[in-house]
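Report on the structure
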Amino acid sequence: MSDATEAAPARADCVADSAGGLTFHISDWARPQPGSHDDWSGALVLVRRGAETSDGEVRLPLGPTGNGRLQAALPSTVALPEGRWDVHVAYGDAEPQRLVPGLNDLRSLVDRRPGPSTSPLSVRIPYATKHGNLSLRSWRRVPHAEAGEIRLEGGTMAVRGRLYRVEYPSDWLADAVVEARCRRDPSVMRTAPLESDGPEFSFTLPYAELAESWGGGADVWDLWLRPADEGAVPARLARILDDVADKKEIFTYPPREVSAPHGTAHARPYYTGDNDLVVRIEAPA
């Protein structure tokens, strides 16, 4: 074995299933002697960034496949808290080693339509970090409002989407509203009516209403669906049901001018680092 091969980082190929599970196939060159104690004690180790509690690490046993490679499964039933998880491989007592991405088969995540259920929606998307390592972005939500098409029409944004993880979506959406919550002052909220057809919903949000309280600087408004039933849990509006881990730089929307009490402002929707949908009101650049 050459020095270059010995120095090569371990690689993992990832295969996603439509339920939200992932299977990792580990490259051979980082593997101990097949059948040795270290080989059989191997584990895939997921470490959540910034975690200070016991749920910040998940270990998945490695087992042999038919072609002799090792693999680990992360089924959708494993409760993986939301966040970014760095992926390692560990054998025996050796220090866990970061993995780099191999080939990803994420076709089942494209235009994913989870079936009816009231259990938390699990979404895991593998991606390459800026340093070239393998990490996972994980979401776990119930209920979930998936944002779809966004159209900018004059001084409004028109959004279509679909509600998941409630027992009766049409009942939940009846008389529900979209609620914009101002981060600067959580007591400031604006609402707009929803139209619904089964689990599908749509709404039009006027930028002018968000700009009424703008006093300069930047205001960010988080978007939620709030049901008429005060005892039901609101649903955060986000876009997570595909194979794109970070939407912010992929799905971009131009700013629109809007009149505000303190002058002309710019309004623009965008996806946050968590792929949640927000609207930003700020001074023109």
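Scroll up for the structure.
Throughout what follows, the structure given in this document is the object of discussion. Bear in mind the structure is a predicted one, so any value in this text is a computation, not a measurement.

How each quantity is defined
Residues numbered from 1 in each chain as written. Predicted model: local features only at pLDDT ≥ 70, side-chain atom pairs only at ≥ 80, totals over all residues. Heavy atoms only, no water. Helix = DSSP H or I, 4+ residues; strand = E, 2+ residues; numbered from the N terminus. Buried < 20%, exposed > 50% of the residue type's maximum accessible area, 1.4 Å probe, protein only. Pairing = 2+ DSSP bridges. Core = buried A, V, L, I, M, F, W, Y, C linked by side-chain atoms within 4.5 Å. Contact = heavy atoms within 4.5 Å. Salt bridge = Lys/Arg side-chain N within 4 Å of Asp/Glu carboxyl O.

**Section: unusual backbone geometry**
Of note, the amide linkage connecting Val 142 to Pro 143 takes the cis form, showing an omega dihedral of -5°. With respect to the secondary-structure elements, Pro 143 resides in the loop between strand S11 (134-141) and strand S12 (144-153). The phi angle at Asp 111 is positive, at roughly 55°, despite the residue not being glycine. For Asp 111, the position within the fold is in the loop between strand S9 (100-105) and strand S10 (121-128). Non-glycine residue Arg 165 carries a positive phi angle of around 65°. Position of Arg 165 relative to the elements: it lies in the loop between strand S13 (156-164) and helix H3 (169-173). Relative accessible area serves as the criterion here: at 13%, Arg 165 is assigned to the buried category.

**What to know about the sheet that holds strand S6 (residues 70-74)**
Strands belonging to one sheet form pairs held by backbone hydrogen bonds; the direction of such a pair is parallel or antiparallel. With mixed pairing, the five strands of this open sheet are ordered in space as S5-S6-S2-S1-S9. Strands with a single pairing partner mark the edges of an open sheet, and in this sheet they are strand S5 (63-64) and S9. Judged from the two bridges that link them, S5 and S6 form a sheet pairing that is antiparallel. Residue pairing for S6: Pro 64 is matched across the bridge by Leu 70.

**Some thoughts on the pairing of strand S21 (residues 263-271)**
In the sheet, strand S20 (residues 256-260) pairs with S21 via five bridges, with the strands oriented antiparallel. The residue bridging Val 258 from the neighbouring strand is Ala 265, located in S21. For S21 and strand S22 (residues 277-282), the ladder comprises six bridges, and the chain directions are antiparallel. Paired with His 266 across the two strands is Glu 282, which belongs to S22. The hairpin turn running from S21 into S22, its antiparallel successor, is five residues long, and Asn 275 in that turn takes a positive phi close to 65°.

**Describing the nonpolar core**
Within the largest apolar cluster, 38 residues are counted, with the highest numbers of intra-cluster contacts made by Met 157, Leu 225, Leu 237 and Ile 281. A total of four residues in this core trace back to one element, the largest contributor, which is S12. Once you skip the residues sitting within four places of it in the chain, Met 157 turns out to touch Ile 150, Arg 151, Leu 152, Phe 203, Thr 204, Leu 205, Tyr 207, Leu 223, Pro 269, Leu 277 and Val 279. Core analysis: the second largest hydrophobic core is formed by 35 residues, Cys 14, Ile 26, Tyr 164 and Ile 240 among them.

**Looking at the pattern of salt bridges**
Scanning the entire structure with this criterion turns up 25 salt bridges. Put simply, Asp 13 and Arg 11 hold a salt bridge, and the shortest N to O gap is 2.8 Å. Relative accessible area serves as the criterion here: at 11%, Asp 13 is assigned to the buried category. Salt-bridge contacts for Arg 190 lead to Glu 212; the nearest nitrogen and oxygen are separated by 3.7 Å. Separated by 22 residues along the polypeptide, Arg 190 in strand S15 (residues 189-193) and Glu 212 in the loop between helix H4 (207-211) and strand S18 (218-226) bring together distant segments of the chain.

As far as function goes, none of this settles anything; it's purely spatial.
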